[in-house]
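Listed below are the residues making up each chain.
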Amino acid sequence: MNLLSNDFEIFGIAPAFALDRDALDARWKDLQREAHPDRFASADAQAQRQAMQWSVRINEAYQRLKDPLKRAAYLCELNGAPIQAENNTAMPAAFLMQQMQWREDLEDARDGAALERMADDVAAARGRMLLDLQQVADVQRDFPALAGQVRALMFVERFARDVENRLDQLGQ
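Quick caveat, the model's predicted, so the values are computed rather than measured.

Evaluation of the coordinates by the stated rule reveals 7 salt bridges. Asp7 is the salt-bridge partner of Arg57, the closest N and O atoms lying 2.8 Å from each other. Note that Arg57 is positioned in helix α3 (residues 45-66) and Asp7 in helix α1 (residues 7-11), a separation of 50 residues in sequence. Just as Arg57 is buried, Asp7 falls in that class too. Put simply, Asp25 and Arg21 hold a salt bridge, and the shortest N to O gap is 2.9 Å.

Following this line, the structure appears as structure tokens:
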């Protein structure tokens, strides 16, 4: 294994959307113990530098793999279907209508109960989208379609943060 290995190779797991989070966490701890710079404190400068690079690389891979959205985007990249969220914002009309309705509902929400219901609705939609991501990634293996779903989920997650921010503002 080297610094150029993909994240899945570093963790010794098959490239897939579905993964065992407990096993990922345990493997991360093992890898961190093996590569921790403190273990190389008495080694030469090159070994210390390599240990630091490995530690950083392991953490980067872990952060990407543990987050479902980042993991799905990474699978797209590995399979030649980059997300390109900055310049590809095309979405199905029904999805855009849902987004517009949510935005209007957020503007109209005047109390915590309405915002809590909205947060629950968004969380349920997110859960359904994650199940769809797994189906498209691991069963259909349609990475261009997965890239579109990742872009849609990015919109939903941004909206969920907006709802949480409004809830926080009400709580102040």
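By the element assignment, Ala51 lies in helix α3. In this structure the C-alpha to C-alpha distance between Ala51 and Phe40, which are 11 residues apart in sequence, comes to 7.0 Å. Once residues lying within four places of it in the same chain are set aside, the contact partners of Ala51 are Ala35, Pro37 and Phe40.

Let's shift gears to the side chain of Ser55. Tracing the chain through its elements places Ser55 in helix α3. Accessibility expressed as a relative area gives 9% for Ser55, which makes it buried. In contact with Ser55, other than residues within four places in its own chain, are Gln32, Ala35 and Pro37.

To continue, consider a negative patch on the surface. Judged by side-chain charge, Glu104, Asp105, Glu107, Asp108, Glu116, Asp120, Asp121, Glu164 and Asp168 come together as a negatively charged surface patch. Elements that contribute at least two residues to the negative patch include exactly α5 (93-108), α6 (112-140) and α7 (143-171). The element contributing the most residues to the negative patch is α5, with 4 residues. Position of Glu104 among the secondary structure elements: in helix α5.

Right, let's get into the environment of Ala41. As for its placement among the helices and strands, Ala41 is situated in the loop between α2 (21-35) and α3. For Ala41, a relative accessible area of 57% puts it in the exposed group. C-alpha of Ala41 to C-alpha of Ile13: the two residues are 28 residues apart in sequence and 30 Å apart in space.

Helix packing for two helices is described by the angle between their axes and how far apart those axes are. At a closest axis distance of 11 Å, the pairing of α5 and α7 adopts a crossing angle of 5°. By the angle between their axes, α5 is roughly parallel relative to α7. Residues Phe95, Gln99, Trp102, Arg103, Leu106 and Glu107 of α5 pack against Ala152, Phe155, Val156, Phe159, Asp162, Val163 and Arg166 of α7. When the residues that make up the contact of α5 with α7 are grouped by side-chain class, the tally is 8 nonpolar, 1 polar and 4 charged.

Our focus in this paragraph is helix α4 (residues 68-78). For α4, the buried fraction is high: 8 of the 11 residues fall into the buried class. Those residues of α4 hidden inside the fold are in contact with α1, α3, α6 and α7. Downstream of α4 by one or two residues, Gly80 has phi in the positive range, about 75°.

Conventions we followed
Residues numbered from 1 in each chain as written. Predicted model: local features only at pLDDT ≥ 70, side-chain atom pairs only at ≥ 80, totals over all residues. Heavy atoms only, no water. Salt bridge = Lys/Arg side-chain N within 4 Å of Asp/Glu carboxyl O. Helix = DSSP H or I, 4+ residues; strand = E, 2+ residues; numbered from the N terminus. Buried < 20%, exposed > 50% of the residue type's maximum accessible area, 1.4 Å probe, protein only. Contact = heavy atoms within 4.5 Å. Patch = residues over 30% accessible without salt bridge, like charges linked within 9 Å, V, L, I, M, F, W, Y side chains within 5 Å. Areas by Shrake-Rupley, 256 points an atom, 1.4 Å probe, with all protein chains shown as cover. Lys, Arg positive; Asp, Glu negative; His and termini not counted. Charge placed at Lys NZ, Arg CZ, Asp CG, Glu CD. Axes fitted to C-alpha atoms, helices over the stretch in contact; angles between N-to-C directions. Parallel < 35°, antiparallel > 145°, perpendicular 65-115°, else oblique. Nonpolar A, V, L, I, M, F, W, Y, C, P; charged D, E, K, R; others polar.

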